[in-house]
Amino acid sequence: MSNLKCIPVLRVTQLDTNELDESILLTLKQSLNQDIFKYVQLNFCQKYFTEIFAAVKFLLWYYSYNKRSQTIGQSLLNWSYLENNKSNKIKKIIHCFIYCFDEIFIEKFPILIHKILSSLAKIQNQQSSNEELVNRRVERIKNFFSLFLKSLSFLHYLQFLFDGKFLHLWERILGLKPSYSREQFLKSYNHAISEREELWQTYFSLFKLIDSLVNFNKVLTRVTKFRAKNSAIQNELRINICALCEHSPTMAHRSIDYEKIETCKHIFCYLCIKRALMDHQNKFECPICKKIIFDIELYNLNQD
């Protein structure tokens, strides 16, 4: 983007970009833990997770910022850094270190300080009994740097809210100016769209209120029981109707295997079922329950 006019990026756009990039990294980290590392030994994952995740972030950085000079969030929101080609490579290397290996530095920094202090103690011929003293010094140095960086980041964030130029401290140090990829135009405001959004928001709030007051599972259970009860009543009403002509049966007959569990439980007029058995060679399928009837017997409608 050299020799191009800098089109300042809105503060909210920079904040949204940062949120997108962090969400992508969080999703990758969760995928590594839940989908990939579950097939690897737990001790190995815990020991080398920081290094493995740094390698994943490097691949993400290489195919996004290194190739296109944009992070994924910047690409989605259509902006990038306004860079000078002469210092472009150096800035990319520093950006790579900050983006990919920040967690390694934070994890290894206390260990490095501990080794330096231990080496100094040996040079001064101090006894190893001062290990606790070295640990306290390391902890003080770690706390000091942590407090210093947090305070500096807080002051820089206040400056960002004031001028809207650099969201991160390292952006200001490297001189990476956020700029839109093309000219931005003012969008016309439509009251109809606003009213529609307010209407949907009202419906959503009303639904949340109803959802908090009504137990939908209980309602669904009652509706299901009511429908099942109605279905049972209908079946009881239809049991005294011929399954073929749907009239009150004349000389009611039923399947000879009626008492068995998995047989047809419907009744028929004698002439209806007899004709059906003759037409189907004594192997008739009930039109309602689809059970096969081979033979029939007389049925007394009043016996139940």
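A brief look at the structure comes next. Numbers given to residues run from 1 along each chain, matching the order in which its sequence is written. In keeping with the predicted nature of the model, local features appear solely for residues at pLDDT of at least 70, side-chain atom pairs appear and are counted solely at 80 or more, and the whole-chain, interface and lining totals rest on all residues. Calculation of side-chain values draws on the structure's entire complement of heavy atoms; hydrogens and water are dropped beforehand.

Concerning the packing of aromatic side chains
The criterion, for reference: Between the rings of Phe, Tyr and Trp (Trp by its six-membered ring), a pair exists once the centres lie within 6.5 Å; its type follows the angle of the planes, with under 30 degrees stacked, over 60 edge-to-face, and the other angles tilted. In DSSP terms, a helix is any run of H or I states spanning at least four residues, a strand is any run of E spanning at least two, and both are numbered starting from the N terminus. We call a residue buried when its accessible area falls under 20% of the maximum for its residue type, exposed when it is over 50%, and partly exposed in between, using a 1.4 Å probe and counting protein chains only.
The tally for this structure, following the rule as stated, stands at 11 aromatic pairs. Ring geometry for Tyr65 against Tyr81: centres 6.1 Å apart, planes inclined by 65 degrees, an arrangement best described as edge-to-face. In this pair, Tyr65 is assigned in helix H2 (residues 42-68) and Tyr81 in strand E1 (residues 79-82), connecting sequence segments 16 residues apart. The pair formed by Tyr65 and Tyr81 is uniform in burial state, with each residue classed as buried. Through successive ring pairs, a cluster of aromatic residues spans Phe58, Trp61, Tyr62, Tyr63, Tyr65, Trp79 and Tyr81.

Concerning the environment of Leu20
To keep it simple, the criterion reads: Contacts are assigned to residue pairs with any non-hydrogen atoms lying within 4.5 Å of each other.
Note that Leu20 resides in helix H1 (residues 11-36). Residue classification places Leu20 among the partly exposed residues on the basis of a relative accessible area of 32%. The spacing of Leu20 and Leu77 is 57 residues in sequence and 9.7 Å in space, taken between C-alpha atoms. Look past the residues within four positions of Leu20 in its chain and what remains in contact with it is Gly73, Leu76 and Leu77.

Thoughts on the sheet that holds strand E3 (residues 253-255)
Convention followed: Here, strands pair whenever DSSP counts at least two bridges between them.
As summarised here, the arrangement of the 3 strands in space is E4-E3-E7, forming an open sheet in which the pairing is antiparallel. With one partner strand each, in any of the chains shown, strand E4 (267-268) and strand E7 (296-298) form the two edges of the open sheet. The sheet contact formed by E3 and E4 spans 2 bridges and is antiparallel. Note on E4: the bridge partner recorded for Arg254 is Ile267.

Details of the state of the cysteines
Selection rule: By disulfide we mean two sulfur atoms from cysteines, separated by a distance within 2.5 Å.
Taken as a whole, this structure holds 0 disulfides when the rule is applied. Counting only cysteine sulfurs, Cys100 is the nearest neighbor of Cys96, a cysteine outside any disulfide, at a range of 3.9 Å. Accessibility expressed as a relative area gives 8% for Cys96, which makes it buried. There is no disulfide at Cys242, and the cysteine sulfur nearest it, in Cys245, is 3.6 Å away. By relative accessible area, which is 1% here, Cys242 ends up buried.

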